[in-house]
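Residue-level structural notes
Chain by chain, the residues run as shown.
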Amino acid sequence: MKRLALLSGLLLGFFISADCTVRIVAAQPSHATTAADLPSWVKDVGARGAPKSGRVFTVKAVADGTTNSTSEIQQAIDDCAKAGGGIVTLTPGNYVTGALFLKSNVHLRIDKEVTLLGSQEDSDYPSIPTRVAGIEMKWPAALINVNDAKNVRISGAGTIDGRGEKWWQKYYALRREYEPRGLRWASDYDAERVRLMVVWKSSDVTIENLSLKRSGFWTVQVVYSDHVTVDGISITDNKGPSTDGVDIDSSSYVLVQSCDIDNNDDDICLKAGRDYDGLRVNRPTEYVVIRNNITRRGGGMVSFGSETSGGIRHVVAYHNTGIGTNEGIRFKSAKTRGGFIEDILIRDIKMEKVTLPFTFTLNWNPSYSYATIPKDEKNIPAHWVVMNTPVTPAERGYCEFRNIRIENVEIVNARRIFSASGLAEKPIVDVTFANIDAQGGEAGTIEYARDWKMRSVKLQTRDGAPVKISNSEKVESPVVVKQ
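Residue indices follow the written sequence of each chain, beginning from 1 at its first position. Per-residue local features of the predicted model are confined to residues with pLDDT of at least 70, and side-chain atom pairs are confined, for both listing and counting, to 80 or more; whole-chain, interface and lining totals are unaffected and use all residues. Computation of side-chain values: all heavy atoms of the structure, hydrogens and water removed.

Let us now look at the side chain of Thr219. Counting from the N terminus, the helices are DSSP H or I runs at least four residues long and the strands are E runs at least two residues long. With respect to the helices and strands, Thr219 occurs in the loop between strand S17 (211-213) and strand S18 (220-223). What makes Thr219 buried here is its relative accessible area of 1%. Each polar contact in these results corresponds to two N or O atoms within 3.5 Å; when the atoms are within protein, one needs to be able to donate a hydrogen and the other to accept it, and residues that are neighboring in sequence are counted only if both atoms are side-chain atoms. In this structure the side chain of Thr219 is engaged in a polar contact, spanning 2.7 Å, whose partner is the backbone oxygen of Asp244. In this analysis, two residues are considered to be in contact whenever any of their non-hydrogen atoms come within 4.5 Å of each other. Thr219 has contacts with Leu196, Met197, Leu212, Ile235, Asn238, Thr243, Asp244 and Gly245, leaving out every residue within four places of it along the chain. Burial classes: relative accessible area under 20% of the type maximum marks a residue as buried, over 50% as exposed, and values in between as partly exposed (1.4 Å probe, protein chains only).

In structure tokens, the structure reads:
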């Protein structure tokens, strides 16, 4: 990741703004985070092993970019698994494939001159039980699936191209139909867009050094799994709706490192279930390390939520860089989600042209977050009923944000530095910012918060106006100066 090293060096010194003036940023001391600075559990994250057998199974298929090779690739995977494991390889070329299912002890190696192209046929993605945006339901399988498996590796310098435009257009068409009927909340679930890669109920899985692009929906989803490593992947050309980068969903001991992510929605996101169904499952995302990543376009460098029902805790994110990402460190939930976000450590972060560096909301995107079935609707799908099952009592639906520490952050060319809004019924509590140097258009707002500490937090803004703090208790104000 040479670009990451170069960018880190540049961000420590000076920045040239759009009007070509040089802006000097007050340098923080060198913060070289080491294992001694982090919780002891950090050393335990990620895959604990990889397939050991060196036996090679080469796919025998036509690599012309047109012929469907699903059955041939799957056969090589199955043969490898039956032999006790090994490596599945492909000769150089472009292979059209539908859903593939990896097995225990199999290493799928996609080398530099190999591209997997997602089939455009719906029938190539069978409907299987899964979890989508916090709800358990049947949905099309992903292009690459690791289901109920152990000791799996997917690596190489090759490319997996979901060719997702077909599903993007399907979603847009459904939105146009659904929104006038009051069904915005159902669009994401009913469009049935194909994800690029899903790790489901699996352990010791490694995904590394791949180029991933044009996913129909989320790119990499790790759900109900443990000890997973996502390392050195590049995600590009994800211009379609909800093309998240890496989603960690009710999973534990996950490592995401050295990735370069450019997509439409959240870049790296932690999730734990939605509303009634998520509270029923009640499985947290915990023990997660996110380090040395670059995020470019996207909805959030590191996002928490909006699916928070099972809780998100024990997360460390450090040495990450955002360049032009819409939001930086993002916390979001809704009044019916429930759960918690706690024991979060974010440090050694750099942001350039990140519009909203720090965002917190407990009432995120109401038109999507709150499901109501119109009275004249007929033939109600089962997942609509689940999504409309109320969370009772109402207090159970309030997510609690607490014990969050964000430190050693450098920000330039932001629009609004703080955007934080809790609820009167549930303030955002126990948040600490330390060693923050930020430059942007305005300082921003904090409301319905309690016990926020600001230690060496210095903001430079166009008007020099302070952060607007309202309906809050014991919330300290950062130092704000006019540029």
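The biggest cluster of nonpolar side chains holds 97 residues, and the ones touching the most others in it are Ile154, Phe358, Phe360, Phe433 and Trp452. No other element matches the eight residues that strand S33 (residues 404-421) contributes to this core. Beyond its immediate chain neighbours, meaning those up to four positions away, Phe358 contacts Ile329, Met351, Ile406, Val409, Ile411, Ile417, Phe418, Ser419, Phe433 and Ile436. We call a set of buried Ala, Val, Leu, Ile, Met, Phe, Trp, Tyr and Cys residues a nonpolar core when their side-chain atoms join them within 4.5 Å. In this structure, Leu183, Trp185, Tyr368 and Ala371 belong to the second largest nonpolar core, which totals 20 residues.

Note: α-helices contain 3.6 residues per turn, so residues at a spacing of three or four share the same orientation. Look at helix H2 (residues 70-82): 18 Å from first C-alpha to last across 13 residues, which is about the 18 Å you get at 1.5 Å a residue. By the burial criterion, the buried members of H2 are Thr70, Ile73, Gln74, Ala76, Ile77, Asp78 and Cys80. Gly84 sits one or two positions beyond H2 and adopts a positive phi of about 95°. A helix is expected to reach a length of 1.5 Å times the quantity of its residues less one.

Two cysteine sulfur atoms make up a disulfide if the distance between them is within 2.5 Å. Tallied over the full model, the rule gives zero disulfides. You can see Cys259 has no disulfide; the closest cysteine sulfur is in Cys269, sitting 15 Å from it.

For helix H3 (residues 165-178), which comprises 14 residues, the first-to-last C-alpha distance of 20 Å matches the rise-based estimate of 20 Å (1.5 Å per residue) to within 8%. Among the structural elements, helix H4 (187-190), strand S20 (234-238) and helix H7 (382-387) are those in contact with the buried residues of H3.

A cis amide bond links Gly305 to the next residue, Ser306, at an omega of 5°. Mapped onto the elements of the fold, Ser306 is located in the loop between strand S27 (300-304) and strand S28 (312-323). The omega torsion of the bond from Thr392 to Pro393 falls at -15°, within 30 degrees of zero and hence cis. In this fold, Pro393 is placed in the loop between H7 and strand S32 (400-401). For Asp348, which is not a glycine, the phi torsion comes out positive at approximately 55°. Tracing the sequence through the fold places Asp348 in strand S30 (residues 340-352). Here the phi dihedral of Asp430 falls at roughly 55°; this positive angle occurs in a residue that is not glycine. Given the relative accessible area of 33%, Asp430 is considered partly exposed.

Before going further, it helps to examine the pattern of salt bridges. Once their charged atoms are close, side chains differing in charge can pair, the charge on each being opposite to the other. Think of a salt bridge as a Lys or Arg side-chain nitrogen and an Asp or Glu carboxyl oxygen that are within 4 Å of each other. Considering all chains together, one arrives at 33 salt bridges under this definition. Close ionic contact of Asp111 with Arg109 constitutes a salt bridge, the shortest N to O distance being 3.0 Å. Note on Asp111: relative accessible area 26%, which makes it partly exposed. Here Glu400 makes a salt bridge to Arg402, at a shortest N to O gap of 3.2 Å. You can call Glu400 partly exposed: its relative accessible area is 22%. A cluster of three or more residues bridged by salt bridges with shared partners is formed by Asp266, Glu327, Arg330 and Lys332.

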